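Coordinate analysis (summary)
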Amino acid sequence: LSLIGLREDQKNWNWINQLKKMRGSLFVVLLGILSAAVSCYMLFKVKNYRGSWLAYPGWLIASNVIFVLIIVLALRALYRHTTQDTGEPRAQKITAALWVLPALTIILTIHMVVVLSWTAGVPFQ
């Protein structure tokens, strides 16, 4: 958020129009947060089963893998949207992307840790 403060004037909120055009990425963020919440809840069940991944449902691992792929595609689409020259102010696109990128990156990290831990068979403690 400090990058946003450095990039834009505090009274200029025109970048919100660009944020509205990123509905796909915002939808991925919302679904990713919900999926990460369910994953975290189930990880506590894994911890209660002494780290055994048998308590973690297969459909949830599949959703984690799918979200990793979806988030990578959303990051790619966000990059293309930001770098595409459509005649709109570029600074506003970058500012809007700076609001979406951290959330997508955090959600990607959560899902990647779950997938990699499950794949490696590391007991969750």
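Residues numbered from 1 in each chain as written. Predicted model: local features only at pLDDT ≥ 70, side-chain atom pairs only at ≥ 80, totals over all residues. Heavy atoms only, no water.

Check the secondary structure of the protein and you find five helices and zero strands. Shown N-terminal to C-terminal, the secondary structure of the protein runs as helices and strands in the order α-α-α-α-α. When each of the 125 residues of the protein is scored for burial, the buried share is 36%. When contacts within the protein are restricted to residue pairs at least 6 apart in sequence, long-range pairs at least 24 apart make up 77% of them. About 8100 Å² of surface is accessible on the protein, with carbon and sulfur atoms providing 68% of the total. (Helix = DSSP H or I, 4+ residues; strand = E, 2+ residues; numbered from the N terminus. Buried < 20%, exposed > 50% of the residue type's maximum accessible area, 1.4 Å probe, protein only. Contact = heavy atoms within 4.5 Å. Areas by Shrake-Rupley, 256 points an atom, 1.4 Å probe, with all protein chains shown as cover.)

Over its 26 residues, helix α4 (residues 58-83) runs 38 Å from end to end, which matches the ideal 38 Å to within 8%, given 1.5 Å per residue. The set of residues buried in α4 consists of Leu60, Ile61, Ser63, Asn64, Phe67, Val68, Ile71, Ala74, Leu78 and Thr82. In the core, the buried residues of α4 are packed alongside α3 (23-48) and α5 (90-120). (Expected span 1.5 Å × (residues − 1).)

To continue, consider the confidence of the model for the protein. Within the protein, residue pLDDT values average 80, and 85% of them lie at 70 or more. Within the protein, helix α1 (residues 2-7) has the poorest average pLDDT of any element, 54, and α4 the best, 88. (pLDDT = per-residue confidence, 0-100.)

For the rest of this paragraph, the subject is the side chain of Asn64. Tracing the backbone shows Asn64 in helix α4. In this structure Asn64 comes out as buried when scored by relative accessible area, which is 0%. Among the polar contacts made by the side chain of Asn64, one reaches the side chain of Tyr56 at a distance of 2.8 Å. Once residues within four sequence positions are removed from consideration, Asn64 is found in contact with Ser35, Ser39, Tyr56, His111, Val114 and Val115. (Polar contact = N/O pair within 3.5 Å; in protein donor to acceptor, adjacent residues only side chain to side chain.)

Turning next to the environment of Phe44. Structurally, Phe44 is set in helix α3. For the pair Phe44 and Tyr56, spaced twelve residues apart in the sequence, the C-alpha separation amounts to 9.6 Å.

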